[in-house]
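Each chain, written out:
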Amino acid sequence: MTVTLEVSEGVGTLRLDRPPMNALDVATQDRIKELAEEAGRREDVRAVVVYGGEKVFAAGADIKEMQNMDHAAMVLRARGLQDSFTAVARIPKPVVAAVTGYALGGGCELALCADYRIAADNAKLGQPEILLGLIPGAGGTQRLPRLVGPSKAKDLIFTGRMVKADEALAIGLVDRVVPAADVYTEAHAWAARLARGPAIALRAAKEAIDTGVETDLETGLAVERSWFAGLFATEDRERGMRSFVEEGPGKAKFL
C-alpha cells in the first residue's frame, strides 16, 4: 500500500510510503482520502499524524502521470484531487503534519491540511507548480494565503521557490522546527497529548475555528455559541468541571 494507517496510544499515523519521493499519483490520492475518512470514523483514533517517513514528506504530484492527462482528463480528476486533501482537513480530530525533507507541490498542500505542522531543520517547502506552467490544484491557492497571508503566498506561488525550515517558521508556514531525527517523535507526542483530551470538545473547537475563519464574525460567534452550550450535555464537561473543583486545574482524565 502507498498509504497506511497505524494506531498507537490513540494516535493514528497516516503514513505515505511510495519511495523514493512519495509522489502523489491518483492511486495515492484516493488512498489518502479513504484512510483520512477511516481515521475520522474510528473511535480508537483520537488524533492524527501525517508522515512521509524519515527522508521526505512528499515531493509533489506524479508528473509523469500528469503529463499524460489532457484538459478533459483533468476536468474529471481535479475534484477528486482536491477531495482527497480536503478529507484530511476535515478529519474531526487534531491533525499534525510531521514534515521531513521535501514538501513540495501536493506535498506542501497536504501539510497545509493539518492543524499544526512540525518540520525538520532540513525541510524544504514550496509550491513549484508555476515552473510547470500550472498553479497549485489541491488547495494551495486557497489554504496557503489563509495561513501565511496573500502577499507571502503570492511570492511562493508566483516564483515557485522553495523555502527552508527557518523561513517557513518565520512566515508561519510551519509551527515548530526540530532536529530531523526528532520530527516524528515530537509530532506523535503532540498528538498523543491531545488524544488524552476531551474528544467532543476538541472536535467542537476545530469546527468552530475552521468555520469561523471562513465566515463573518456574527456567524462564527453563532457556531461557537451552539457548540459551547451543547458541550454542557457531555460527560467530558461534567468530568472536567468536577476535577477542577475537587483537584484543581489540568488534572481531569477524559474517557
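Each chain carries its own residue numbering, running from 1 in the direction its sequence is written. In keeping with the model being predicted, local features are shown solely for residues with a pLDDT of at least 70 and side-chain atom pairs are shown and tallied solely at 80 or more, while totals for entire chains, interfaces and linings include all residues. Remark: hydrogens and water are excluded; side-chain values derive from all non-hydrogen atoms of the structure.

1. Brief notes about a nonpolar patch on the surface
Side chains of Met21, Tyr102 and Met162 sit close together on the surface and give an oily, nonpolar patch of about 240 Å² of accessible area. By definition, any uninterrupted DSSP run of H or I lasting at least four residues is a helix, any uninterrupted run of E lasting at least two residues is a strand, and each is numbered from the N terminus. Tracing the chain through its elements places Met21 in the loop between strand E2 (11-16) and helix H1 (26-41). For Met21, a relative accessible area of 33% puts it in the partly exposed group. Every patch collects residues that have over 30% relative accessible area and no salt bridge, joining them within 9 Å if they carry like charges and within 5 Å if they are nonpolar side chains (Val, Leu, Ile, Met, Phe, Trp, Tyr). Where accessible areas are quoted, they stem from the Shrake-Rupley method and a 1.4 Å probe; at the residue level, only the protein chains shown are allowed to cover. By convention in these notes, a salt bridge is any Lys or Arg side-chain nitrogen within 4 Å of a carboxyl oxygen on Asp or Glu. Whether a residue is buried, partly exposed or exposed follows from its accessible area with a 1.4 Å probe, protein chains only, as a fraction of its type maximum: under 20%, in between, or over 50%, in that order.

2. Details of the state of the cysteines
We call a pair of cysteine sulfur atoms a disulfide when they lie within 2.5 Å. On inspection of all chains with the given rule, the structure shows zero disulfides. The cysteine Cys108 is free of any disulfide, with Cys113 supplying the nearest cysteine sulfur at 10 Å. Residue classification places Cys113 among the buried residues on the basis of a relative accessible area of 3%.

3. Looking at helix H6 (residues 150-159)
All of the buried residues along H6 are Ala153, Leu156 and Ile157. Down the axis of H6, the buried set is contained in an arc of 90 degrees. They therefore lie on one face. Along H6, exposed side chains directed more than 90 degrees from the buried face belong to Ser151 and Phe158. Whether two residues are in contact is decided by their heavy atoms, any of which lying within 4.5 Å being enough. Looking at the buried side of H6, the elements it contacts are helix H5 (140-148), strand E8 (162-164) and helix H7 (165-171). Trailing H6 by a residue or two, Gly160 shows a phi angle of about 75 degrees, which is positive. The arc in question is the one spanned by the directions pointing from the helix axis to the C-beta atoms.

4. Some words on the sheet that holds E8
Strands are labelled as partners when DSSP assigns at least two bridges between them. Reading across from one edge, E5-E7-E8 is the order of the three strands in this open sheet, with mixed pairing throughout. Single-partner strands in this sheet number two, and they are strand E5 (102-104) and E8. Pairwise comparison of adjacent strand axes, ignoring direction, gives a mean angle of 20 degrees for this sheet. Where E5 meets strand E7 (residues 124-126), three bridges bridge the pair, whose relative direction is parallel. The convention used is that axes are lines fitted to C-alpha atoms, helices contributing only their stretch in contact, and that angles between N-to-C directions extend from 0 to 180 degrees.

Coordinates in, geometry out; function isn't part of it.
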